[in-house]
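This is what each chain is made of:
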Amino acid sequence: MSLEDLSMLEVSVTSASKREQHISEIPAAIYVISNERIVRSGAKTIADALSLAPGIEVSQFNESNDFVSSRGFHDGLFNKMLVMIDGRSVFSPMYGGAFWENIDYILADIERIEIIRGPAGTIWGGNAVNGVINIITKSTKETLGTYGQIAYGQHGYKEASVRHGLQFNDNTTARAFYKAKDTFSVIDKFQSQYESDKVNTISIQTAGVKFDIEEGNSSWMLAFGGEKSAQYYDWYTVDMSDLNRQYDDSYKSVDSSSLYGQVNHTIELANSQWQTNLWYWQDKDNSPDAHGEFNTIDLDSVYTLQYGSDVTILIGGGLRHINIKLQDSSNYDVSHVDIYNRYSSDPISSDTTSNVYAQIDYNFTEQFMIQVGAKAEYFTLNDSFEVSPQIRGLYSISASQKIWFGVGRAVVTPSYFEQKSTYTNYYSYVYENKFYDGVATYLPSASLDNESVITIDAGYRFEGTNVNMDLTAYSSSYNNVRGHDYIGYLNDGIGNYYDLYEFNDDYEAQTYGAEVAIEWNINSSLKNYTSYSYLSFSQDRVQGDSNVSGSDDYFEINHQNMLSNQLLWQVTNSIQWDFVVNYKDIDYTSDSNQFVYDVENLISLDSRIGWKKHENAPLVEVMVKNIGMSSKCELNTNIYYDQCNAYETEQSIYGRVSYEF
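Let us look at the structure shown here.

What counts as what
Residues numbered from 1 in each chain as written. Predicted model: local features only at pLDDT ≥ 70, side-chain atom pairs only at ≥ 80, totals over all residues. Heavy atoms only, no water. Helix = DSSP H or I, 4+ residues; strand = E, 2+ residues; numbered from the N terminus. Buried < 20%, exposed > 50% of the residue type's maximum accessible area, 1.4 Å probe, protein only. Contact = heavy atoms within 4.5 Å. Areas by Shrake-Rupley, 256 points an atom, 1.4 Å probe, with all protein chains shown as cover. Phe/Tyr/Trp six-rings, centres within 6.5 Å; stacked < 30°, edge-to-face > 60°. Pairing = 2+ DSSP bridges. Patch = residues over 30% accessible without salt bridge, like charges linked within 9 Å, V, L, I, M, F, W, Y side chains within 5 Å. Salt bridge = Lys/Arg side-chain N within 4 Å of Asp/Glu carboxyl O. 1 Å grid on protein atoms, 1.4 Å probe; cavity = no way out; pocket = protein on both sides within 12 Å on 5 of 7 lines; lining within 4 Å. Points joined across faces, edges and corners; volume = space filled by probe spheres on them. Nonpolar A, V, L, I, M, F, W, Y, C, P; charged D, E, K, R; others polar.

**With respect to the overall build of the chain**
Part 1 of the argument: Secondary structure assignment for the chain yields 3 helices and 40 strands.
Part 2 of the argument: Looking at the chain residue by residue over its 661 residues, the buried ones come to 55%.
Part 3 of the argument: Sequence-distant contacts in the chain: of pairs separated by 6 or more residues, those separated by 24 or more amount to 63%.
Part 4 of the argument: With an accessible surface of roughly 28,100 Å², the chain has 54% of that area assigned to carbon and sulfur atoms.

Written out as structure tokens, the structure is:
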């Protein structure tokens, strides 16, 4: 075992302009997490590994479900970041966000994760507003042979995976993989009382096949696969038609599954490249609060021309068609109300998004280049047309120092959940010895406009002998930001109250911040990676009104400080000892005087020890997450009720053994 990581500024990436470039040549905030860093971080999931990047906030809603966001707006329905695997979108059009618990792969077979922070709307599809995450898997040439891994740890964590790669001839290689994982989805004080560990456990299975075919100047990538998950909850429903409140306390199985197929074709000519990417994705989910099914087919084609030594021209276009089926409103029954539920009076819908885009890179001199681009896009979902332009530049102060700047616009459409579905949440509480309950009902709005953002950012890069540094500062202005109004309540005549809320797009928001990434090659045995980010977030209501005075209830962030530090130590040829320190300090303010939220400052230390006796021996690893920690609220605490709203972080230990032959 050895430290094999390239300098972060030497790595070639493809996400910035859909062609291979060195990071040092890109006038944008981009960061790469290599395979070695992913594996040696001790991460269980892809979302775990993303916390190593500057500007990316990762929090656990529960033991199996992560919230991941870029530059603010941190929640489960984070709709401002495009997430892809090998250029295939895994961003759900149904609710606007990524189901991170179902985005899985064998971590050893991920080559790198490319992260663009800020708008990338010129060449990528919708939702590339605050960032793009592209998970790049290894080519099949790099994964010939067999790989197996087993892992076991606290909180019901069990994992097993196998991959086999083979070569058919000089032009064709392939691999197939299967991964199965179990873990508690919820850890609560009743866990030890359940008859079986099956309760509150999520089981996820992922499988796939990938082919790489090279024929002269032409190459093909074919991939297909899917995932299946099952969660078994301690669940209850309430009979709202009974004033004595009959509770049905039972267990509920929540299942989801997805299938995908992808074809990528690339032709390399003397001075040009033509790349076409086609994929299909089907997803089903029977969770009461996300019940639905969608089918999407996506086509993107881009032509890149190197015109002389100074001009690069990129022209492309795309088409996406989506069919969605939500839970029919006729299934909603007041005598059998779930804690959470979602349904629609217009359950079957479809929409199409089409776009064309162009970008020109021009080298004015050896030191200065400029990039100009624009995308025109039409959305049938809300019959809207949008143009997303950008201009960027990069100046080389010297061979080791570069500065860059940019300004760009990007848009995101409303999700189907916001436009087409009604969401209900049963609540109950005791106040002054009196019992109160009801159903909070969030109504859809068919008149929502597209959210948009204009971001101005600039950066500095330094590449030295042992130290590399990347600095970024930015300011973003958002229009038509989502919110909701309290519009009153309904009394069904038998004493039940239904609080009514409605989605709106009445807000504007502003963010500004800075991000730093430093790589330090201390010596031949030690490497250190540090990332830090600062964010401030504010918003204002600029249109619309509420039927109830003072019903606005939104949050602002006075400051958010996040720090991640990863130390990789090659103790001997056969022993590795690695550490990850994370720090988070978030100060919220709220427009509402009724509910005030706070986030505890979070400092965590993870450690990994890896041992491999010789080159052909198994790799044995032991990881300890959150060393010495117990009952630390990962998201936020409702000060009014002194209650953590989500997962409480605690120490966990797990081990894994992997072998490749």
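Moving on from the model shown.
**Some thoughts on the packing of aromatic side chains**
Part 1 of the argument: Applying the stated criterion across every chain, the model contains 13 aromatic pairs.
Part 2 of the argument: A ring pair is formed by Y105 and F177, whose centres lie 4.6 Å apart and whose planes are at 45 degrees; its orientation type is tilted. In this pair, Y105 is assigned in the loop between β7 (88-89) and β8 (110-117) and F177 in strand β12 (residues 172-184), connecting sequence segments 72 residues apart. Accessibility classification places Y105 together with F177 in one group, the buried group.

**Considerations on the sheet that holds β7**
Pairing between sheet strands relies on hydrogen bonds along the backbone, with the strands arranged either parallel or antiparallel.
Part 1 of the argument: A sheet is described by the order of its strands in space; here 5 strands give the open sequence β3-β8-β9-β6-β7, paired in mixed fashion. Each having just a single partner strand, β3 (29-34) and β7 make up the two edges of the open sheet.
Part 2 of the argument: Bridging between strand β6 (residues 81-85) and strand β9 (residues 131-137) involves 5 bridges; their strand directions are parallel. In the sheet register, L82 faces β9, and the bridge partner there is V132.

**A closer look at the side chain of T511**
Part 1 of the argument: Locating T511 in the fold gives a position in strand β29 (residues 497-521).
Part 2 of the argument: Overall, T511 belongs to the buried group, its relative accessible area being 1%.
Part 3 of the argument: The contact partners of T511, leaving out residues within four places of it in the chain, are R71, F73, Y474, S475, S476, Y478, L535, S536 and F537.

**Quick look at a nonpolar patch on the surface**
Part 1 of the argument: Residues I150, V571, I575, W577, I609, W611, V620 and V657 make up a contiguous nonpolar surface patch of about 630 Å² in total accessible area.
Part 2 of the argument: For I150, a relative accessible area of 54% puts it in the exposed group.

**Details of the pattern of salt bridges**
Part 1 of the argument: A full pass over the atoms with the stated rule returns 30 salt bridges.
Part 2 of the argument: K420 is the partner of D346 in a salt bridge, and the nearest nitrogen-oxygen pair spans 3.1 Å. Of this pair, D346 sits in the loop between β20 (340-343) and β21 (348-363) while K420 is found in helix α3 (residues 416-420), placing the two residues 74 residues apart along the sequence.
Part 3 of the argument: With a relative accessible area of 34%, D346 lands in the partly exposed category.
Part 4 of the argument: Given a relative accessible area of 23%, K420 falls into the partly exposed group.
Part 5 of the argument: A salt bridge links K375 to E377; the shortest N-O distance between them is 3.1 Å.
Part 6 of the argument: Given a relative accessible area of 2%, K375 falls into the buried group.
Part 7 of the argument: Here the residues in one salt-bridge network are E36, R40, D578, R608, E621 and R656, joined through shared partners.

**Here's the deal with the environment of W100**
Part 1 of the argument: Following the sequence through the fold, W100 ends up in the loop between β7 and β8.
Part 2 of the argument: A C-alpha to C-alpha distance of 9.3 Å links W100 and V90, two positions 10 residues apart in sequence.
Part 3 of the argument: Excluding residues within four positions of it along the chain, W100 makes contact with I46, A47, L50, D66, V68, M81, V83 and I133.

**Quick notes on empty space enclosed by the protein**
Part 1 of the argument: Counted according to the given criterion, the structure contains 8 cavities of 30 Å³ or more.
Part 2 of the argument: In this structure, the largest cavity is lined by 49 residues; those nearest its centre are D48, V58, Q60, D66 and K625.
Part 3 of the argument: Residue assignment for the lining of the largest cavity shows that the elements contributing at least two residues are α2 (46-50), β4 (56-60), β12, β13 (201-215), β30 (526-541), β31 (555-570), β32 (575-590) and β34 (602-611).
Part 4 of the argument: A breakdown of the residues in the lining of the largest cavity according to their chemical character gives 19 nonpolar, 17 polar and 13 charged.
Part 5 of the argument: Put simply, the second largest cavity is a space of about 330 Å³.
Part 6 of the argument: Lining the second largest cavity are 25 residues; nearest its centre among them are I85, R88, V90, N102 and Y260.
Part 7 of the argument: Take the lining of the second largest cavity: its biggest share by element is 5 residues, from β13.

**Overview of the pairing of strand β40 (residues 652-660)**
Part 1 of the argument: Strand direction decides the pairing type here: strand β10 (residues 145-153) and β40, joined by 7 bridges, are antiparallel. Bridge pairing in β40 links Y152 to G655.
Part 2 of the argument: As defined by bridge partners, strand β35 (residues 619-625) adjoins β40 across 7 bridges and the pair is classed as antiparallel. Directly across from E621, in β40, lies its bridge partner R656.

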